[in-house]
Amino acid sequence: MNFLKPHYSLLLDPFSLFFLCVILLISSVSAVYAYGYVKDEYSPKKTVLAGLLFTAFMLSMAAVVTTGNALVFLVFWEIMSLVSYFLVVFETEQKRSVNAGAIYIIMTHIGTAFIAAAFVLLYKQAGSFDLVAMKTAALTMPPAAKNLIFVFLFIGFGTKAGVVPLHLWLPYAHPQAPSFVSSVMSGVMIKIAIYGLVRFVFFVLGVNALWWGNLVLFFAALSCLVGVIYALMEHDLKKLLAYHSVENIGIILLGVGASMVFIKLNLPVLAVLALSAGLYHLLNHAVFKSLLFLCAGSVYRSTRLRDMEKMGGLIKLMPWTAAFFLFGALAISAIPPLNGFVSEWLTLQAFFAGAMQCPAVGTKAAMGVYAAVLALTGGLAAACFVKAFGITFLAIPRSEDVKKAREAPFSMKAAMAFLALLTLSLGVFAGPVLGVISKVSAFAAGSCGMLVPRADFSSGVYTITPSLSGPAALSPAFLLLLLVTAAGAGAALVFVLARRRKVTAVPTWGCGYYELDARTEYTSTAFSKPFRLAFSFFLMPYRRTEKINESHYHIKSFRYELYNTYIFKRYLYQFGLKMTLRAARSLKRLQAGSIHLYIAYIFLTVLALMIFSGM
Amino acid sequence: MNPSNAALQVLALVIVSPLISGLIRKLKNNLRLRIGPGIFQPYYDIAKLFSKDENISVTASWIFRAAPYVALGSSVAALCLMPAFLPGVSFSAAGDFLAVIFLLSLGRFFLALAGLDAGSSFGGMGSSREMFLSSFVEPAAVLAIFAVSAAAGTTDPAALSLLGAVRPSSVMACGAFFIVLLAETSRLPVDNQETHLELTMIHEAMVLEYSGPSLALIEIAAHVKQVLFMTIAVNVLISPALAASLWPSLALAGPAFFCVKILLACAAVAAVEVSIAKMRLFRAVDFLLFGGLISAVAFILAVTGH
Amino acid sequence: MNMITVLIVVMTFFMVISKRITSLVNAFALQSTFLAALALSEAVSTGSGGLYTVAALIFIIKALLIPHMLKRITAKIKAGENLGLAVNPMLSIACVAALDYLGWAFAVKVMRLPGPAETAALAVSLSVMLTGLFLMVFRLKAIAQVVGLLVIENGIFLAAVALCGNMPFFVEIAIFFDVFVCVLILGMFVYRINTLFTHIDVDKLNTLKG
């Protein structure tokens, strides 16, 4: 019974420190933001409670990534889930909060159950909950046990990360939480799941089979596409951002999965490159996703709206929020010279190098397919953010509430500005950032027992050269310089040639019709219609119409509702739920309601035990 | 690599780009047995636009005013990364082949936002369709880039321009890039540059609200993007180094061969445009996916060593 | 010591044949007193100081305080003194006798403890626990559930004191406080049920099933 005295062993290797930095960065920025957000919104008691819960959240996440004992990990993991549940349902006045919280807590507990099962299996093999002891035991574990443990870990951590098809809770929980909580949940908490996966697969188990990496890659690609397609269909701003978190977790896992494949194929430098790409994207996503959520929170705070279809014209009323949202949108669409571009470029380079160096033709082709999937999601994500930014901020307001919007207070602006600046810096100073991250991933890859040569992927402060046999380089700073020069040349041209032109403001051209108002603007649903039709095999949209006629020729009202079929929700979750409820109902016959009957059950069991135990 | 050489190469290409558009239009008209405008007409159009006043919608914001500069900047910056007729000469220290694709998406992002900015339905429709079609172009482009880079082992454009031989994979990649060219420069069968019906426009609808010098900048950006894709398509098939090696005695062999290649490409584009009708939006997706399939085949051929 | 054990068993019979709540509670109080006496004699024979405290606590809490509280609740409820027997007293005695036999057979066959004294102690404690369960199942009023729980707890204490001679002190203190709080809460519940439903017939609660 030696597990009853857990000695808390602190594990502060480079991998933990990296995640600790991410946690602290995003949490502190969100806390600064929260100060301005709750200032006139929450009562003092509620503010104190929010502050306590938020701090507990941050501390539990920090404890999860710095512990070297699996039991302590599990305890703090559970605390993290519970505290975040309370934060999700914090604004309990809305009925949606309760639903969202319920789905979240159930799914996260299912995931935790799988993680706990994996830990129990590891404990049985290792005899202790200490990570180092588990690692030594893993060297002699039978492969069947390792496979089972890996599957459990993947399901468990995948639920928390939001990997498809275990992502159902994400679009419910993240939008419902207050924005400073959503930013931490989406920016940091789902990354802790990635930490757990990499820690227990790379460090403890050691990557053992090729199908592990292929499984991760497959579900990562699936998450990318499913996430971005559902995001395109959304017109709730925060739900759109939540689906994009699913997509970006897919991108991160593409890097991690590729790294697992390369480790098994004994390509150490490639493994470090792929894992660096994944971890770089993890950092970048934490930064730009929290930025986006904070901006969405600023919009919600001043308009009380989350529905894009009612917004518009906010760029004139909230110019700073719009500018910061633009930074976030550019970053998440992988547009140079911001940080999202650098990590997606690195992931593509990792796939290219993999296609070059892997021996089997099947693997090469798969690398190409995954690169194509990544490119496709990048394009779709850009389209989605053109929609999000354009419908929310541009043109004219689509409803009355929006006309009263006012800009966010200083602390919120400061937090968003800091993150926006960070997206630019992480892109421009890609050299040193990649240097640090590649050391972290070299450490991680090396912990599988592979010999990792010294591989520095940066040359100088502004340039990265991940290519191992060639000179391909990327310098976002240089690109920025080229962009600015070219644009400046254009401006000079205009100045020289068109100095005497007049610029007049006129109403928008409407083919001769001058009473244009918000109803003639493009809507978010209309913007995504081509995508809805192109992916209709997956989305299965259907419509419900209701027509009320006043007379044979005159229609009094027409109601049109357009729905998408969420196949995971319908065929996986609701089916599972229906089966569970059916089983529960059949068990109901045992429960007649009488307490005496229930105690009699206990009594009979005790008697039976006593009688039959003697035999 | 001499930066001034690279800069001169870019400048030359930028200056020549409207001429190439004029040339394609002239070829198309000749094929239709018409006379049409002269080959220098795009220059006159740009000059005319610079002398005009500008009208900006009251609903537009700073994004509308900034978008032309960003579009021009991204097209020219992407052009800087590709060596055209001087083998191995470009600003490839800034970025590689993949960065070209991403840079162009910067310009497209801002133009699409500008389309939504004016608050009219035409702009929104144009933006929506433009982003829709371009997202299906990206996988085709990336796979074709991988196919071409496989032979050199790196995605560096300067290194690629130094390759020697013509391979089956590069032929297929050239085909894929040709389809990408048609899509990105809004040519038939994807989009029609000559239409004035708003419901059939894609790229034009997005920039419908622009006038005066801003429109001139956007047109220059479109010309530059066209010459960029033509350069990519022809250099993938026959690289500048190969061209220069065929006639090593001639000093200007590189540029001369480049002009010949571009002329052939113009002829090909004109021939395709004249002989095919514009596809419906969702048929155009099938067309782009077909391009993706070609680049996938090119990729498979490349990684298996052909 | 054997005498006290026999007295404890006799008290279980008394509890089972009582038809009114107060007589049940009194029987329970008496049984707890005997248990305290047993603990005291153990304490004297082994000389351990902890057992003195345990004996005192058993007497104070289970023989004085808890029965007092239960009688007060019963008075407040005014639900009548009727205990609501589901099984008439004669049959109950027969059942409890059978349970005692089962307990003894289990103790002998399974435990195989050295010494007849320990076997007898285990047999008695098992029968006390089973009687407690029996009370919970076959008595309809809610107070009987509370008393049944306390009787089970008595049985556990008996096993601990007679067999092990000494339970860890903190465990005993913790159990005492648990029991105290439990009774408080159960008492409150019974009172509330009565206010809401104007009776404490727990069998009628089966209309709440769903």
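Residues numbered from 1 in each chain as written. Chains lettered and ligands numbered in written order. Predicted model: local features only at pLDDT ≥ 70, side-chain atom pairs only at ≥ 80, totals over all residues.

J.: What exactly am I supposed to notice about the overall build of chain A here?
T.: Helix and strand content of chain A: 23 helices and three strands. For 615 residues, the compact-globule estimate of 2.2 N^0.38 gives 25 Å, and chain A sits close to it at 27 Å. Sorting the 615 residues of chain A into buried and exposed places 53% on the buried side. Within chain A, counting contacts between residues at least 6 apart in sequence, those at least 24 apart form 78% of the total. (Helix = DSSP H or I, 4+ residues; strand = E, 2+ residues; numbered from the N terminus. Rg over C-alpha atoms; globule rule 2.2 N^0.38 Å. Buried ≥ 20, exposed ≤ 12 C-beta atoms within 10 Å, placed from the backbone. Contact = placed C-beta atoms within 7 Å.)

J.: What exactly am I supposed to notice about the overall build of chain C here?
T.: Looking only at helices and strands, one finds seven helices and zero strands in chain C. Listing every helix and strand of chain C by position from the N terminus yields α-α-α-α-α-α-α. For chain C, the residues scored as buried account for 42% of the 210 residues in total. Across chain C, every contact between residues at least 6 apart in sequence was considered, and the portion connecting residues at least 24 apart equals 73%.

J.: Is there a simple way to explain the arrangement of the chains in this structure?
T.: In this assembly, two pairs of chains are in contact, and the pair contributing the most contacts is chains A and B. You won't find any contact between chain B and chain C; their C-alpha atoms come no closer than 53 Å.

J.: Which parts of the structure should I look at to understand the packing of helix 11 (residues 268-303) of chain A against helix 14 (residues 339-357) of chain A?
T.: Helix-helix packing: each pair is described by the crossing angle between the helix axes and the interaxial distance. All names here are of chain A. Two numbers describe how helix 11 lies on helix 14: the axes approach to 8 Å, and their chain directions differ by 160°. Taken together, the axes of helix 11 and helix 14 lie roughly antiparallel to each other. Here the hand of the crossing between helix 11 and helix 14 comes out left-handed. Counted together, Leu-270, Leu-273, Ala-274, Ser-276, Ala-277, Tyr-280, His-281, Asn-284, Val-287 and Phe-288 of helix 11 and Asn-339, Gly-340, Val-342, Ser-343, Leu-346, Thr-347, Ala-350, Ala-353, Gly-354 and Gln-357 of helix 14 form the full contact between these two elements. Tallied by class, residues from the contact of helix 11 with helix 14 come to eleven nonpolar, nine polar and no charged. (Axes fitted to C-alpha atoms, helices over the stretch in contact; angles between N-to-C directions. Parallel < 35°, antiparallel > 145°, perpendicular 65-115°, else oblique. Left-handed = near helix turned anticlockwise from the far one by under 90°. Nonpolar A, V, L, I, M, F, W, Y, C, P; charged D, E, K, R; others polar.)

J.: Explain the interface of chain A and chain B here, please?
T.: Accessible area lost upon the coming together of the parts serves often as the stated size of an interface. Counting from both sides, the interface comprises 71 residues of chain A and, opposite them, 73 residues of chain B. The set of elements that each furnish at least two residues to the side of chain A that touches chain B consists of helix 12 (314-317), helix 14, helix 15 (361-393), helix 18 (476-497), strand 1 (503-506), helix 19 (524-527) and helix 20 (529-534) of chain A. No other element matches helix 15 of chain A, which puts 16 residues into the side of chain A that touches chain B. For the side of chain A that touches chain B, a count of residues per class yields 51 nonpolar, 15 polar and five charged. Strand direction decides the pairing type here: strand 1 of chain A and strand 1 (residues 54-57) of chain B, joined by four bridges, are parallel. Bridge assignment links Ala-505 of chain A to a residue of strand 1 of chain B, and that residue is Ile-56 of chain B. (Pairing = 2+ DSSP bridges.)

J.: Can you walk me through the domain arrangement of chain A in this structure?
T.: All names here are of chain A. When the domains of chain A are assigned, the result is domain 1 (11-206), domain 2 (210-565) and domain 3 (568-613). Taking the mean C-alpha position of each, domain 1 and domain 2 sit 24 Å from one another. Each side of the interface is counted separately: domain 1 has 39 residues, and domain 2 has 46 residues. Looking at the side of domain 1 that touches domain 2, the elements that each hand over two or more residues are helix 1 (14-37), helix 6 (143-161), helix 7 (170-176) and helix 8 (179-205). The element contributing the most residues to the side of domain 1 that touches domain 2 is helix 8, with 13 residues. (Domains from an automatic or database assignment.)

J.: How should I be thinking about the packing of helix 5 (residues 131-138) of chain A against helix 8 of chain A in this particular structure?
T.: All names here are of chain A. Across the interface, helix 5 lies against helix 8 with an axial gap of 8 Å and an inter-helix angle of 55°. Looking at the two axes, helix 5 sits oblique to helix 8. Contacts between helix 5 and helix 8 involve Leu-131, Met-134, Lys-135 and Ala-138 from the first element and Phe-203, Val-204 and Leu-205 from the second. For the contact of helix 5 with helix 8, a count of residues per class yields six nonpolar, no polar and one charged.

J.: Explain the nonpolar core to me, please; I cannot follow it from the model alone.
T.: Note on soluble globular proteins: their nonpolar side chains tend to be buried together. Formed by 347 residues in total, the largest nonpolar core has its most connected members in Ala-371 of chain A together with Phe-177 of chain B. It is helix 11 of chain A that provides the largest number of residues to this core, a total of 22 residues. Built from parts of two domains, this core gets at least three residues from each of domain 1 (11-206) and domain 2 (210-565) of chain A. When sequence neighbours within four positions are dropped, the list of residues in contact with Phe-177 of chain B reads Ala-144, Phe-229, Ile-232, Ala-233 and Val-236 of chain B. (Core = buried A, V, L, I, M, F, W, Y, C linked by C-beta atoms within 7 Å.)

J.: Can you walk me through unusual backbone geometry in this structure?
T.: Of all residues except glycine, most have a negative phi; of all peptide bonds, most are trans. All names here are of chain A. Residue Pro-165 is bonded to the preceding Val-164 through a cis peptide linkage, with omega at 5°. Mapped onto the secondary structure, Pro-165 falls in the loop between helix 6 and helix 7. Here the bond from Pro-336 into Pro-337 is cis, since omega is -5°, no more than 30 degrees from zero. Tracing the chain through its elements places Pro-337 in the loop between helix 13 (319-332) and helix 14. In this model, Asn-266 sits at a positive phi of 60°, which is unusual for a non-glycine residue.

J.: Before we go on, may I ask you to explain the environment of Glu-521 of chain A in this structure?
T.: In this fold, Glu-521 of chain A is placed in the loop between strand 1 and helix 19. For the pair Glu-521 of chain A and Ile-396 of chain A, spaced 125 residues apart in sequence, the C-alpha separation works out to 8.1 Å. When sequence neighbours within four positions are dropped, the list of residues in contact with Glu-521 of chain A reads Gly-312, Ala-395, Ile-396 and Arg-398 of chain A together with Gly-119, Ser-121 and Gly-124 of chain B.

J.: Please clarify how the pairing of strand 2 (residues 542-549) of chain A should be interpreted in this entry.
T.: Residues and elements named next belong to chain A. The buried fraction of strand 2 amounts to zero of the eight residues, a small share that puts the element mostly on the outside. Two strands pair when backbone bridges link them, and strand 2 and strand 3 (residues 555-563) are joined in this way by eight bridges, in the antiparallel orientation. Of the residues in strand 3, the one forming a bridge with Arg-543 is Leu-562. Counting the residues in the hairpin turn of strand 2 and strand 3 gives five residues.

J.: Which parts of the structure should I look at to understand helix 12 (residues 281-303) of chain B?
T.: Residue pairs spaced three or four apart in an α-helix point in one direction, given the helix's 3.6 residues per turn. Between its terminal C-alpha atoms helix 12 of chain B stretches 33 Å, which fits the 33 Å expected from 23 residues at 1.5 Å a residue. Ala-284, Leu-288, Gly-291, Gly-292, Ile-294, Ser-295, Ala-296, Ala-298, Phe-299, Ala-302 and Val-303 of chain B are the residues of helix 12 of chain B that are buried. Where helix 12 of chain B is buried, its residues contact helix 14 and helix 15 of chain A together with helix 5 (121-152) and helix 7 (168-184) of chain B. Following helix 12 of chain B by one or two positions, Gly-305 of chain B adopts a phi angle in the positive range, close to 100°. (Expected span 1.5 Å × (residues − 1).)

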